[in-house]
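Residue strings, one per chain:
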Amino acid sequence: MSSKLKFHLLFVIFLLGFSSLSFELIILRQLINFVGSNALITSIVMTVILLFLSVGYYIGSVISICQKPIRQYIQKLIVFTIFAYILACPFYLMQIYFYFLYFIGLKQTLVLVSLFSLAFLSLPSASLGFVTSVIGRYIHHFNVNYTGRFMAIDTIGSVLGSLGTTLVLMPFLGVAHTILFLIIANILAFFFIAKTKDIPFFITPLLMAFFLTLLFNNEKIMTGSHFLVKDDAVSRLEIFPVDEENGTYLSKLMKINGSLSSKVSQKDELNFEYINFINQTFIDKLPKENPADILILGAGGFTIGIEDTYHQYTFLDIEKDLQKISEDLFLDKPLSQNKKFIARDAYLFLLNDTKQYDLIVVDVYSALQSIPMNFTTLNFFKLVKAHLKQGGIMIANIITSPNFKNAFSKRIDNTLREALGSTLQRTIIQPYNPYADELKNVEYIYYNLPQDDVVYTLNKNTSFYDQNSL
């Protein structure tokens, strides 16, 4: 084997190692828009990819590479893998898949992810494993001492695929261009492995693959709109006009990672009901003797206290560009001087912050499927409680079943009551059918006051005096 061929084969292995991790991370990032992100979802995706990589490795280890046109198989499989990536990765194709499954009644998250993984991740993973295994055998056949170098190159490619995709490509180029980079890397791998005489037969499908990648990841072409503001490793953020009246849009909606996050409108009655409820009931009625300290976990579009210029606000969110995007494209004005934004994880902030607040609004539960798991725990709500001043109030807006029709609604209620105690109320501000399975905004309101565990009985009952002591 010539040095040139060794270099070509090792470079292909590097590109395939890069692609395997990049593909996995792109899929996990895109899935956040439809099913959220947690350890179970990551586990399913990784299990399917690794399982079928292993299948490919095994087939590649037993197939005869002497009696078959193995190089032609590799060329075809790389092209196949490219088209498999094109179908699996784009947001808009994934949206069609999930909307179809929702339409036919499949809504259980783990089932959705499992079906998606088997349908779209299994074959490209098996193909990648096969190609990697065969190239490894071919190199080993000519030089048994190259096995370690082969494995090292494959691992280095995987490491750079992981770091490059999350730290460089998605943050600076966006998810759509990261997918294009993935396709180009595999096209490059094809040219390094292909025989010169075979290349003309593949030019047309490779060009088609390139243009399909551009097509399926282009918002304007796929949706006819231009509402996508940002799509990187952290957030897919869209802002679009709604509530048309006499040819004029009265409102704007902000969508983050597939869930409606905020709405701002020229008419108060068009705003989200729970935002109006918080603003009118808890913000507008704050005492005016001294500015209150208010903490908002989950900044959204900064619509909580939007007109308040007196009290002191701290907004928390992990999206570092949220303030600038909101000011420029959503609110159409800068935040007032009494409001500051901190780009940080809310849980870590509470662990390290020692300040206490008069009002804390927990608004991180934008949709049931995308609730961060660490914000549903007993520890989290105890942290929130510890940051309330005596007499302070916490409001948590949670999208769940108003009539306890699912396990989550019961268990989040159990968790809140265990963490916060008896001065906790549960309010549903939207009309709902108590006999139907539906999701609504449920407001949990906690008053940080001394607990009282006295129960009225027939033997001892001071209710008349207690009510009149106000």
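See the structure above.
Here the structure is a predicted model, which is why all the values come from computation and not from measurement.

(A) Fine view of the overall build of the chain. Tallying secondary structure elements over the chain gives 16 helices and 11 strands in all. Projected onto its principal axes, the C-alpha coordinates of the chain cover approximately 95 × 60 × 45 Å. For the chain, the share of sequence-separated contacts (at least 6 apart) that also reach a separation of at least 24 residues comes to 69%. Looking at the chain as shown, the accessible area adds up to about 23,300 Å², and 61% of this sits on carbon and sulfur atoms. If you average the places of the 37 positive and of the 36 negative side-chain charges in the chain, the two averages end up 13 Å apart.

(B) Representation of the sheet that holds strand 9 (residues 388-400) in the model. Strand order across the open sheet formed by seven strands is 7-6-5-8-9-11-10, with mixed pairing between neighbours. With one partner strand each, in any of the chains shown, strand 7 (339-343) and strand 10 (424-428) form the two edges of the open sheet. Averaged over neighbouring strand pairs, the angle between their axes works out to 15° when direction is ignored. Note that strand 8 (residues 357-365) and strand 9 share six bridges and pair parallel.

(C) Inspection of the environment of Phe381 at higher detail. Considering the arrangement of structural elements, one finds Phe381 in helix 14 (residues 378-386). For the pair Phe381 and Leu420, spaced 39 residues apart in the sequence, the C-alpha separation amounts to 7.3 Å. Aside from chain neighbours lying at most four places away, what touches Phe381 is Tyr365, Phe375, Thr376, Met394, Ile412, Thr415, Leu416, Ala419 and Leu420.

(D) Just the pairing of strand 8, in detail. Taking burial as the measure, the nine residues of strand 8 include eight buried ones, the bulk of the element. In this sheet, strand 8 lies alongside strand 5 (residues 293-297) in parallel orientation, the contact comprising four bridges. Its bridge partner being in strand 8, Ile294 is matched across the sheet by Leu359.

(E) Layout of helix 12 (residues 322-330). By the burial criterion, the buried members of helix 12 are Leu322, Ile325, Ser326, Glu327 and Phe330. Contacts from the buried residues of helix 12 go to strand 1 (228-231), strand 2 (236-245), strand 3 (248-256), strand 4 (259-265), strand 6 (312-317) and strand 7. Looking one or two residues beyond helix 12, the residue adopting positive phi is Asp332, at roughly 60°.

(F) The environment of Thr400, seen in detail. Take Thr400: it is sitting in strand 9. The exposure class of Thr400 is buried, given its relative accessible area of 0%.

(G) Focus on the nonpolar core. Grouped together as the largest cluster of nonpolar side chains are 65 residues, with contacts concentrated most on Ile27, Leu31, Phe98, Leu121 and Ile135. Leave out the neighbours within four places in its chain, and Ile135 touches Leu9, Val12, Ile13, Ile74, Phe150 and Ile193. Counting 35 residues, the second largest nonpolar core, distinct from the first, contains Phe272, Phe277, Ile296 and Ile325.

(H) Just the pattern of salt bridges, in detail. Counted according to the given criterion, the structure contains 16 salt bridges. Residue Asp231 is joined to Arg236 by a salt bridge in which the shortest nitrogen-to-oxygen separation is 3.1 Å. The class for Asp231 is buried, based on a relative accessible area of 12%. The residue Lys355 makes a salt bridge to Asp293 at a minimum N-O spacing of 3.6 Å. With Lys355 in the loop between helix 13 (346-352) and strand 8 and Asp293 in strand 5, this pair connects stretches of sequence that are 62 residues apart. Of the residues examined, Asp293 reaches a relative accessible area of 15% and is grouped as buried. Put simply, Lys230, Asp232, Glu319, Lys320 and Asp321 are held in one network by salt bridges that share partners.

(I) Examining the side chain of Asp198 more closely. Its place among the elements puts Asp198 in the loop between helix 8 (175-193) and helix 9 (199-216). For Asp198, a relative accessible area of 9% puts it in the buried group. At 3.2 Å, the side chain of Asp198 and the side chain of Gln75 are in polar contact. The residues contacting Asp198, other than those within four sequence positions of it, are Gln72 and Gln75.

(J) Seen up close, the packing of aromatic side chains. Tallying each qualifying case throughout the model produces 28 aromatic pairs. With 6.2 Å between their ring centres and 20° between their planes, Tyr347 and Phe380 make a pair best called stacked. Placement of Tyr347 in helix 13 and of Phe380 in helix 14 is noted, with a sequence separation of 33 residues between them. You'll find Tyr347 and Phe380 in the same group, each marked buried. Within the aromatic cluster, the residues linked to one another by ring pairs are Phe34, Phe91, Tyr92, Tyr97, Phe98, Tyr99, Tyr102, Phe116 and Phe120. The residue whose ring lies beneath Arg236 is Phe91, and the NZ or CZ to ring-centre distance is 3.5 Å. Positioned above the aromatic ring of Phe404, the side-chain terminus of Arg426 is 3.9 Å from the ring centre.

(K) Focus on the sheet that holds strand 2. Taken in spatial order, the four strands of this open sheet run 1-2-3-4, and their pairing is antiparallel. Here the strands that pair on one side only, and so sit at the sheet edges, are strand 1 and strand 4. Strand-to-strand, the axes of this sheet are offset by a mean angle of 25°, without reference to chain direction. Of the pairings in the sheet, the one linking strand 1 to strand 2 comprises three bridges and is antiparallel in character. Looking across to strand 2, one finds that Asp231 is bridged to Arg236.

Calculation notes
Residues numbered from 1 in each chain as written. Predicted model: local features only at pLDDT ≥ 70, side-chain atom pairs only at ≥ 80, totals over all residues. Heavy atoms only, no water. Helix = DSSP H or I, 4+ residues; strand = E, 2+ residues; numbered from the N terminus. Contact = heavy atoms within 4.5 Å. Areas by Shrake-Rupley, 256 points an atom, 1.4 Å probe, with all protein chains shown as cover. Lys, Arg positive; Asp, Glu negative; His and termini not counted. Charge placed at Lys NZ, Arg CZ, Asp CG, Glu CD. Pairing = 2+ DSSP bridges. Axes fitted to C-alpha atoms, helices over the stretch in contact; angles between N-to-C directions. Buried < 20%, exposed > 50% of the residue type's maximum accessible area, 1.4 Å probe, protein only. Core = buried A, V, L, I, M, F, W, Y, C linked by side-chain atoms within 4.5 Å. Salt bridge = Lys/Arg side-chain N within 4 Å of Asp/Glu carboxyl O. Polar contact = N/O pair within 3.5 Å; in protein donor to acceptor, adjacent residues only side chain to side chain. Phe/Tyr/Trp six-rings, centres within 6.5 Å; stacked < 30°, edge-to-face > 60°. Lys NZ or Arg CZ within 6 Å of the ring centre and 35° of its normal.

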